[in-house]
Amino acid sequence: MWLFWLYEVLGFLAVVIAIVIYCHWRKIGFWSFIWRQLKWVALAIVAVWLIITILCWTHLYHATQCYFRGVSMKANTKYSIYLGECQIETPRGSYIPIDRTRSLPDGSKSGDDESDLYFGE
């Protein structure tokens, strides 16, 4: 999720930098341009936000699904964009794919060894 917000901030900065370059090129004051063209500046920012949201749609969906899966299990989960999977936190603090675990995080099995994991296909 942090990567999505990074893209959003970078998109906002790109719009602001483009406006600054345009104002410098046309020799117009930055704030006077912003106030005169406020509607178009706002539309540009919203358009960039929507484009980034559409490009990241599948990752946002999977991250939300993983979050609610963790809430229902009362466990810490995170969605890995790089691996494309939902991960659950083990008692040791590491994250493993949630689809490969055999017991719930608060479940009846105890022990810190990783023998309760299923790595078969």
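Student: Just give me the short version of the sheet that holds strand S3 (residues 95–97), but keep the residues and values in it.
Tutor: The strand order S1-S2-S3 describes an open sheet built from 3 strands, whose pairing is antiparallel. This sheet does not close on itself; its edge strands, each paired only once, are strand S1 (77–80) and S3. This sheet shows a mean twist of 40° between the axes of neighbouring strands, independent of strand direction. Pairing of S1 with strand S2 (residues 85–89), which is carried by 4 bridges, proceeds in the antiparallel orientation. Bridge pairing in S2 places Thr77 opposite Ile88. Here helix H4 (residues 57–73) sits on the sheet in contact with S1 and S2, set at roughly 160° to S1.

Student: Could you give me a rundown of helix H1 (residues 2–26), with the residues and numbers involved?
Tutor: An ideal rise of 1.5 Å per residue puts 36 Å on 25 residues; H1 measures up with 36 Å between its terminal C-alpha atoms. If you check which residues of H1 are buried, you get Leu3, Phe4, Glu8, Gly11, Val15, Ile19 and Cys23. Those residues of H1 that are buried are in contact with helix H2 (30–36), helix H3 (38–55) and H4. Following H1 by one or two positions, Lys27 adopts a phi angle in the positive range, close to 60°.

Student: Run through a nonpolar patch on the surface, naming residues and quoting values.
Tutor: On the surface, Trp2, Leu6, Tyr7, Val9, Leu10, Phe12, Leu13, Ile17, Ile21, Tyr82 and Leu83 cluster together into a nonpolar patch covering about 1200 Å² of accessible area. Given the relative accessible area of 47%, Val9 is considered partly exposed.

How each quantity is defined
Residues numbered from 1 in each chain as written. Predicted model: local features only at pLDDT ≥ 70, side-chain atom pairs only at ≥ 80, totals over all residues. Heavy atoms only, no water. Pairing = 2+ DSSP bridges. Helix = DSSP H or I, 4+ residues; strand = E, 2+ residues; numbered from the N terminus. Axes fitted to C-alpha atoms, helices over the stretch in contact; angles between N-to-C directions. Contact = heavy atoms within 4.5 Å. Expected span 1.5 Å × (residues − 1). Buried < 20%, exposed > 50% of the residue type's maximum accessible area, 1.4 Å probe, protein only. Patch = residues over 30% accessible without salt bridge, like charges linked within 9 Å, V, L, I, M, F, W, Y side chains within 5 Å. Areas by Shrake-Rupley, 256 points an atom, 1.4 Å probe, with all protein chains shown as cover. Salt bridge = Lys/Arg side-chain N within 4 Å of Asp/Glu carboxyl O.

The values reported here are purely geometric and, on their own, carry no functional implication.
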